[in-house]
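Tertiary structure, described
Listed below are the residues making up each chain.
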Amino acid sequence: MATNRTFTMLKPDAVANGYIGGILKMINDAGFSIIAMKYTKLSAATAGEFYEIHKERPFYGELVSYMSSGPIVAVILEKENAIASFRTLIGATDPTKADEGTIRKIYAKSIAANAVHGSDSDENAQIEGDFFFSKLERF
Ligand code: IDP
Ligand code: MG
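Summarised in this report is the structure supplied together with it. (Residues numbered from 1 in each chain as written. Chains lettered and ligands numbered in written order. Predicted model: local features only at pLDDT ≥ 70, side-chain atom pairs only at ≥ 80, totals over all residues. Heavy atoms only, no water.)

Bringing the sheet that holds strand S1 (residues 5–10) into the picture now. Sheet architecture is open: three strands sit in the order S1-S3-S2, paired in antiparallel fashion. Looking along the sheet, the strands with just one partner apiece sit at the ends: S1 and strand S2 (33–40). Strand-to-strand twist of the sheet, defined as the mean angle between neighbouring strand axes without regard to direction, takes the value 15 degrees. In the packing of helix H7 (residues 122–132) onto the sheet, contacts are made with S1, S2 and strand S3 (72–78), and the angle to S1 comes to roughly 55 degrees. (Pairing = 2+ DSSP bridges. Helix = DSSP H or I, 4+ residues; strand = E, 2+ residues; numbered from the N terminus. Axes fitted to C-alpha atoms, helices over the stretch in contact; angles between N-to-C directions. Contact = heavy atoms within 4.5 Å.)

Another aspect to go through is the pairing of S1. Counting buried positions along S1 yields five of six residues, so the element is predominantly enclosed. The pairing of S1 with S3 spans six bridges and is antiparallel. Residue pairing for S3: leucine 10 is matched across the bridge by valine 73. (Buried < 20%, exposed > 50% of the residue type's maximum accessible area, 1.4 Å probe, protein only.)

Now for the nonpolar core. If you look at soluble globular proteins, the nonpolar side chains tend to sit buried side by side. Grouped together as the largest cluster of nonpolar side chains are 20 residues, with contacts concentrated most on Ile23, Ile27, Phe32, Phe86, Leu89 and Ile103. If you list the elements that add at least two residues to this core, you get helix H1 (12–16), helix H2 (20–29), S3, helix H5 (82–90) and helix H6 (103–107). Discounting residues that sit within four places of it in the chain, isoleucine 23 has contacts with Leu10, Ala14, Ile103, Tyr107, Ala115 and Val116. (Core = buried A, V, L, I, M, F, W, Y, C linked by side-chain atoms within 4.5 Å.)

For side chains of opposite charge, pairing can occur when their charged atoms come near one another. Per the counting criterion, the structure on display carries seven salt bridges. The salt bridge partner of lysine 55 is glutamate 52, with a shortest N-O separation of 2.9 Å. Linking arginine 138 and aspartate 130 is a salt bridge whose minimum nitrogen-to-oxygen distance equals 2.9 Å. Since its relative accessible area comes to 22%, arginine 138 is described here as partly exposed. (Salt bridge = Lys/Arg side-chain N within 4 Å of Asp/Glu carboxyl O.)

Bringing the environment of alanine 47 into the picture now. Structurally, alanine 47 is set in helix H3 (residues 44–50). Alanine 47 sits in the buried class, given a relative accessible area of 0%. Here the alpha-carbon distance between alanine 47 and glutamate 80, two residues 33 residues apart in the chain, equals 29 Å. Excluding its chain neighbours within four sequence positions, the residues that come into contact with alanine 47 are Leu42, Val64, Met67 and Ser68.

This next bit is on the site of ligand 1. Close contacts around ligand 1 come from Lys11, His54, Arg57, Phe59, Glu62, Leu63, Arg87, Thr93, Arg104, Ile111, Ala112 and Asn114, and that covers them all. The contact in question runs from an oxygen atom of ligand 1 to an N or O atom on the side chain of arginine 87, over 2.9 Å. With respect to ligand 1, the side chain of asparagine 114 contributes an N or O atom lying 2.9 Å from an oxygen atom. Within the complex, 82% of the 530 Å² of free accessible area of ligand 1 lies under protein. Among the residues forming the shell around ligand 1, the class breakdown is four nonpolar, three polar and five charged. (Near = heavy atom within 4 Å. Polar contact = N/O pair within 3.5 Å; in protein donor to acceptor, adjacent residues only side chain to side chain. Areas by Shrake-Rupley, 256 points an atom, 1.4 Å probe, with all protein chains shown as cover. Nonpolar A, V, L, I, M, F, W, Y, C, P; charged D, E, K, R; others polar.)

Any link to function would need more than the numbers given here.
Right, here's the structure in full:
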C-alpha cells in the first residue's frame, strides 16, 4: 500500500558540518511535510539493527561505525509519491554521481558519509519510521 510517507536521517556528517538547517530547507522547499522529527544518536548496536538488511555487504562495518559516530536527525516525511520523490531530491548514493542540485551533490562528503538516508520502499519507510517513533510522536 502506498502511504505517501518516507523516512530520512540527516547523517552524522551533515549534522557535524552544520547542514541541518540547509537540508531541512531543501526538504521543505520540495513540498514535503514533517510528520515526526527527533535529534538523537545511534549506538553501534542500534545502527547495526537499523542497517541489518546490509549485513552481508562489504561496507556494513564501516557503515555501522560511521552511523553511530555522532548525532543524527530522524524524520518522517509526507508528500504524494514520497519514496520516489525523496530519492530524486537526495540523488545517487555516491555524491560524485549525484545530479546537480540534489542534497547529496550539495552536502555529501563521500559514498559512506553521504549526508542523508532515504527509504527505498513503502514497506521499509514504515519499518524505519517505527524504529524511531511511537504513534504519539507523529503529527
Ligand atoms: P542508499 O542510501 O542510496 O539507499 P544503499 O545502497 O542502501 O544506498 O546503502 C546504504 C548506505 O550505506 C549508503 O547511504 C552509504 O552511507 C553506505 N554505503 C553504500 N555503499 C557504500 C560503499 O560502497 N562504501 C561505503 N559505504 C557505502
Ligand atoms: Mg538504501
